Every structure is written in structure tokens, then in C-alpha cells.
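# Fold and contact review
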Amino acid sequence: MRITAAPGTRTIHADAYVLEVRADPPRAVLADPDGRIWSHLSLLASVDVVGAADESYDVGAPTVHDAAGAPVGGDPVDTPVAEVRLDCGSTAWGRRRTTLRCLPDRLELTVEVAGAGVLTDVRLLGGRAVLRTGAGGTFRSSVEYRSVFVPTPTEPVDLVRPAASAATLGVLGDASPGRLHAVFSPPPLCLVLGREPAASALDVPATPGPADGGAPGWLALGLVAPVAALRLAELRYQPLDGGFLLELDHDAHTAVDGTWRSPALVLRPAADPWAALADHRADLVAAGAPEGPVAPAADWWAEPIFCGWGAQCARAPLPGEPAAHPYFVQDLGPAVVPPGLPIAPDLARQDVYDELLAHLAAHDVVPGTVVVDDRWQRAYGTAEVDPERWPDLRAWVAARHAAGQRVLLWWKAWDPEGLPVEECLVDAAGRPVAVDPASPAYRERVRRTVAHLLGPDGVDADGFKVDFTQRAPAGHSVRRHPATGAAADAPWGVAALHALLGDLYRAAKAAKPDALVVTHTPHPAFADVCDMVRLNDVLERDTAGEVVPLADQMRVRRSIARAALPGHLVDTDQWPMLDLAQWRDYVAAQAEGGVPALYYAERVDRSQEPLAAEDLALVARSWAAYRTGLRAGSTAEARA
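Residues numbered from 1 in each chain as written. Predicted model: local features only at pLDDT ≥ 70, side-chain atom pairs only at ≥ 80, totals over all residues. Heavy atoms only, no water.

## Re the overall build of the protein chain
From N to C terminus, the protein chain includes nine helices and 34 strands. For a compact globule of 640 residues, the expected C-alpha radius of gyration is about 26 Å, and the protein chain comes in at 26 Å, within 12% of that figure. When the backbone C-alpha atoms are referred to their principal axes, the protein chain occupies close to 80 × 60 × 55 Å. Per-residue burial for the protein chain yields a buried fraction of 59% across its 640 residues. Split by element, the accessible area of the protein chain, about 23800 Å² in all, is 53% carbon and sulfur. Where the 58 positive side-chain charges of the protein chain centre and where its 82 negative ones centre are 3 Å apart. (Helix = DSSP H or I, 4+ residues; strand = E, 2+ residues; numbered from the N terminus. Rg over C-alpha atoms; globule rule 2.2 N^0.38 Å. Buried < 20%, exposed > 50% of the residue type's maximum accessible area, 1.4 Å probe, protein only. Areas by Shrake-Rupley, 256 points an atom, 1.4 Å probe, with all protein chains shown as cover. Lys, Arg positive; Asp, Glu negative; His and termini not counted. Charge placed at Lys NZ, Arg CZ, Asp CG, Glu CD.)

Here it is in C-alpha cells:
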């Protein structure tokens, strides 16, 4: 790389980009090698703490340094690495420095602070400041691109959205407005900026690249650190009026006493979003993430799956969930379950599953793996079998084994139901809101419970389908129970979810070495806490209110999983389905790759259309062709 100087600027010429550093306001103008600008990257940052907003003052000019750390003056300098540094006065810290490390193929942005405080929002590529000119408030990087690829399913469905649309990646969410973005939890924490707009909800626009004589048409922004350092609950892309910045929500659960450095934000040109996700994975592996699965795959893992949840919903639809999106008040479902009305979780029963499996077998649909879904438990937190619904789950599992099938149990992450409050995180009123992944008592409970559910002297099931990872605890007021005591190193955010799943995963392998653990966590750092990535619930409409083909949604999700965890199997999922036609298309698309999953036996839940003999014959044919490929050794079709 070469660094050149001109009045008021220092310019870094790299193989993949040009970066021109300017002082007022302090920024680094990032462009393609041909000079086309991506963004005026703000070098300001804010690291807010409880009780104090971090605001920059005494903002000087950024400096540029060569590989030896020497400031670059007026003469050209050749160097393998360069650094751009900005030191500012801070209202919350004794010292704060933003560093932009420049390598031939990428940039790495970090902010480092010294002092004491409990982190709340950390802002990169912008922040609050009072400049020497008198300008004050929040400063942002400029938007010179047109779109943003967001690697997580959202409702509305909007994969490559306009640059002015916000986005959130993390481990928090549900079906409430503004929160349905954690279907993958966590997804890769990597946004990809694009030069061209998308034509539809799932379109990934083609852009000219080096092969066409041009620069890459995409720029990745990926958050990279060892997973234990990913203590944020959410990464937020916040655009406004032609500018943007990134927020890392640390949720008042990371205490600093000394120095703290943010995860690195890696900016890297890419040919397309899939290449960007693959590069992001490589960066995480270099930071300590596993290179691939940590357990050898058992042959049975790739067998077709039947999950009873869709069939449960078809027999007993959930109140408050109408068949289609309600546009009028009269279209809403009941707010309260009418007395005596069964709902889907009530049908996670031994007799119901026997009926469903017998019906499927009569049509030559015989799954290799059966998922007993919500809710077979007496209480979610304790994971004790409900004897009223499953009089003899151990015997039922043994019968499935005798038939050549395996059984997974649905596991609800984070739910504290039935647990002693001392094993939980609590709200300001002392009410349990989530299990405490740092509680020694809860961790021992997980080991003991999993040993019973999977061990030969217990239920002898074969693994878990883990759900609700997006229900991670959040809130400045959420705390460990006082009786448990403080834990300075207790994980939070993404790191806490990884710790939670790590205990479950290790306990499962200890109880049964070939146990299968399925999660919806396609983040590369989670390669060591799952064996299969589930594509999770299918969504419905785009920003214009039009239905987005469900099979196409699956294809895009599968591509994200392949890029992020290429060595892991993919559970293609199948719920919810809007109507029979969409379900048929989905079944056909499952054959294109991944492990086929069937959620229905008698009818489609949303439309209540019955599955006729020819519909189940479609599944039987698809599964037969898939199994032929497995027997031929073509396991690549089952892998991500």
C-alpha cells in the first residue's frame, strides 16, 4: 500500500480501495480503486455508559501512521499496513481513540476507551460530538450506496432494502411490530452495502465486478470478535437523511474498569453478499470461531423429518392468529382463548402423534426423525415430561427406535417456567424473566435434565430441536437473583446465548454421542453448539403487503446458512403455510438441498385445505428421491 499527502489530506492507496483522510469533520472517504465513493466514514464514535452520554469534544484532526506506528508526513510512504487514529476528549471516559486499521483487502474499525462505567449503546461510524466550529449533536457517515443486504428474515420480507431503511441483527425479537427480525438468532452480524437497488423483496441485484472490468459492487460491514466478547444484544443499522451509523446495544450489562475495546468492524469489498458472508465467516474463524462442525455427523441426521407442530396447529389453530394478515378490526382473532377451546400446544400428546404418524405411514410417508414439538413438558424450565400428555414417553421412544426412527424433543430456550427463582434472571420487581446461564445451579440442572432425557436409563430420546433463542434476556434492570450473587464475567447478549447453548450441546453429547442438536443460529461462531441449522418460521408479506413466495424465502435462507455454516446440515422447516399451493411448491423446493421437513399430515393450518392422497404421494416421491441420493453417498444435498 502507498500513502500520499496533499494539503489537508492523507490518501491510502490499497489493492481493494482508496481511502482519503480529512479533518473537518474527521472522516475517511472510502472509495473503490477507480475512485467511486462508498461513504464518507465518520471517525467519531460514542461509548455511552449508565448515567452519562459519551460526547466528543476537543476534536482534533485524524492522523495516519505507517506499519511501524510513525506518523506519515508529506512524502509518499510504502507500507504493508496503515492506521488512521482519532483521539477525542470524552464526557464519559478518560481517553477514547478510534482506530481504522488499513490492510490491502479490508479495513478494521475499533474504538477503545479508558476509564470506568457500564456500557449501554456503542456507536461506530458516527456519534455525538461538539466540534470546534460549534456544530454539535450526532454525526454520521454518508450514504453513497443504494441498498443494504440484511442476512436475517424479517417481516415485512425485505432482503436487500433501500439504504434509508433501518435494520437490526441480534438475539432479541418476537412477532410484535418492529421486533420480527430474530428468526435467525443470531444471524451473521454482517450487513452488505450495495450499489444497486433490489427489484423485489428477495432480489439480490447483480452488479458488475472485477470479471467485468469493474470494482466489486458490494461492501461488507461485519462485526468480528471472539464470541465471548460479543456481549451486545443487537447490532443496529441506523440511517437518517443521507447518513448512517451503527449501534451496538450492550444493554447495561458490561462493566468496564480500565480499558475496553469494541469488536472490530471489518469493511471489505465483495463480489456479492454470499461472498461477503463467506469472508465474514473466515474473519470469525481467524478470531477463534470453529472452522466447522465439532461433532462427526451420524448418518441418521440427514433422514427426512416429521415435526408435529404444523399438524397440531391444523387441528387446533392458535387463537389470535388469523389465516391471513388482518387489515380490518373485524379480521382479528379472539384476544382471549375461549374456555374449553383446545389450542395447538394442547395436542402435543402421545395419542395424537400416533394418529398422525399412522396416517402418514398409510400413504408411504415414513420419516427417519420425529420431532415432538410444543408442548410435551410439564414446565418449560424444568423440562419434565407431562405424564397426562405422554403417559410413557420412554416406551414411545423405544417403539420409534424399533421402527428405525429417531426422536427429537422440542426445547424452549430461556424460559424460566417451573424453576427456582435463584436459577433465574429477574426484572426490577424480582420476577423471573429468563434462566441464568451463569447460575451454577441452573447449569447443573441442564446437565442432569439432559442426561435423563437422552440417556439410556431415562427417556432415551435422540436430541433437541431448540427454539426461542430470540427470547434472550434484555433490559437495563434485569439482574441475577440476589441470592445467586454477582458475577462480573457473566455473559450477556450473543455471548450469553452461546454459553446457554454450549451447556445444552455438551450435555447432549455426553448423554448420547450421536445426539442431534438443531438450532436457528446461523452465526459462524455458533458452529460448536449445533449440528443442524433450522431455517425457522416462514414469513408472509413484503413492504407493499404482497405475499412473498414461501419456497423462495426458503431458498434465500438456505443460501445464508450455506455461506455462514457451510459444514452444517440444514433443516428446511415448513411452517406456517398459507395455502395448499404454497405448501406444494415448498415441498418441491426442499428437494433442491437440505434435509426435508414435513410439518403437516391432514391439512394446511392457515387455509384448512385438506392434504389429499396425491399431496402425500408428492412427499413420498420427494423423500424417496432424496433417500436414493443419500444411499448413493450424495450427502452434499443434505448439507448446507
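## Notes on the nonpolar core
Counting 197 residues, the largest nonpolar core has L19, Y237, W396, F464 and W583 as the members making the most contacts within it. Among residues more than four places away in sequence, those in contact with W583 are Q574, M577, L598, Y600, V604, L611, D615 and V619. (Core = buried A, V, L, I, M, F, W, Y, C linked by side-chain atoms within 4.5 Å. Contact = heavy atoms within 4.5 Å.)

## Notes on the pairing of strand β2 (residues 9–13)
As defined by bridge partners, strand β1 (residues 2–6) adjoins β2 across five bridges and the pair is classed as antiparallel. Its bridge partner lying in β2, A6 is registered against T9. Connecting β1 to the next strand, β2, in antiparallel fashion are two residues, including G8 with a positive phi near 80°. Bridge count between β2 and strand β3 (residues 18–22): four bridges; the pairing is antiparallel. Bridging from a neighbouring strand, R10 pairs with V21 of β3. With antiparallel pairing between neighbouring strands as the criterion, β2 and β3 make up a hairpin whose turn holds four residues. (Pairing = 2+ DSSP bridges.)

## What to know about the packing of helix α5 (residues 440–454) against helix α6 (residues 493–511)
Their axes nearest at 9 Å, the elements α5 and α6 cross at an angle of 35°. Here α5 and α6 pass one another in a crossing that is right-handed. Counted together, Y442, R443, V446, R447, V450, A451 and L454 of α5 and L500, D503, L504, R506, A507, A508 and A511 of α6 form the full contact between these two elements. Its residues placed into classes, the contact of α5 with α6 shows 10 nonpolar, no polar and four charged. (Axes fitted to C-alpha atoms, helices over the stretch in contact; angles between N-to-C directions. Left-handed = near helix turned anticlockwise from the far one by under 90°. Nonpolar A, V, L, I, M, F, W, Y, C, P; charged D, E, K, R; others polar.)

## Notes on the pattern of salt bridges
Counted by the stated rule, this structure contains 54 salt bridges. Where E83 meets R85, a salt bridge forms, and the shortest distance between an N and an O atom there is 2.9 Å. One network of salt bridges, in which partners are shared, links D48, D121, R123, E234, R236, E247 and D249. (Salt bridge = Lys/Arg side-chain N within 4 Å of Asp/Glu carboxyl O.)

## Observations concerning the sheet that holds strand β5 (residues 37–42)
Across the sheet, six strands lie side by side as β5-β4-β3-β2-β1-β9; this open sheet has antiparallel pairing. A single partner strand is all that each edge strand has here, and the edge strands are β5 and β9 (77–78). As judged from the five bridges shared by β3 and strand β4 (residues 27–31), these two strands associate in the antiparallel manner. In the strand pairing of β4, V18 is matched with A31.

## Regarding the sheet that holds strand β30 (residues 479–480)
Pairing between sheet strands relies on hydrogen bonds along the backbone, with the strands arranged either parallel or antiparallel. Taken in spatial order, the three strands make up an open sheet running β28-β27-β30, and their pairing is antiparallel. The open sheet has two edge strands with one neighbour each: β28 (432–435) and β30. With three bridges connecting them, strand β27 (residues 424–426) and β28 associate as antiparallel partners. When the sheet's bridge partners are listed, C424 is paired in β28 with V435.

## Notes on the environment of L19
Examined against the element boundaries, L19 turns out to sit in strand β3. On a C-alpha basis, the gap between L19 and V118 in space is 34 Å, while along the polypeptide they are 99 residues apart. Residues within four places of L19 in sequence aside, it is in contact with R10, T11, I12, A28, V29, L30, V84, L100, C102 and L107.

## Quick look at the pairing of strand β21 (residues 243–249)
Burial runs high along β21: seven of the seven residues are buried. Alternating residues of β21 divide into G243, L245, E247 and D249 and F244, L246 and L248, and every residue in both groups is buried. Direction of pairing for strand β14 (residues 136–142) relative to β21: antiparallel, over a ladder of two bridges. Its bridge partner lying in β21, S141 is registered against F244. Bridge analysis of strand β20 (residues 234–240) against β21 gives seven bridges, and the strand direction is antiparallel. Of the residues in β21, the one forming a bridge with R236 is E247. Between β20 and β21, which pair antiparallel and follow one another directly, the connecting turn spans two residues, one of which, D241, has a positive phi of 50°.

## A word on the side chain of S141
When you line up the elements, S141 lands in strand β14. For S141, a relative accessible area of 0% gives the class buried. Of note is the side chain of S141, whose polar atom sits 2.8 Å from the backbone nitrogen of S42. At 2.8 Å, the side chain of S141 forms a polar contact with the backbone oxygen of L125. Excluding residues that lie within four positions of it along the chain, S141 makes contacts with S39, H40, L41, S42, L125, G242, G243 and F244. (Polar contact = N/O pair within 3.5 Å; in protein donor to acceptor, adjacent residues only side chain to side chain.)

## Some words on helix α3 (residues 350–361)
Given a rise of 1.5 Å per residue, 12 residues ought to cover 16 Å, and the 16 Å separating the end C-alpha atoms of α3 matches this to within 8%. Here α3 has its buried residues at Q350, V352, Y353, L356, L357 and L360. Projection of α3 onto a plane perpendicular to its axis shows the buried side chains occupying an angular sector of 160°, all on one side. Next to the buried residues of α3 lie β24 (305–307), α2 (309–315), β25 (369–372), α4 (393–402), β34 (597–598) and α9 (613–631). (Expected span 1.5 Å × (residues − 1). Arc of directions from axis to C-beta.)

## Brief notes about the packing of helix α8 (residues 580–590) against α9
How two helices pack is summed up by the angle between their axes together with the distance between the axes. Packing of α8 against α9 brings their axes to within 10 Å, and their N-to-C directions diverge by 10°. Considered as vectors, α8 and α9 are oriented roughly parallel to each other. Residue-level inspection shows L580, W583, R584 and V587 of α8 in contact with α9, the latter providing D615, L618, V619 and S622. For the contact of α8 with α9, the per-class residue count stands at five nonpolar, one polar and two charged. (Parallel < 35°, antiparallel > 145°, perpendicular 65-115°, else oblique.)

Functional significance is not addressed by these values, which are geometric in nature.
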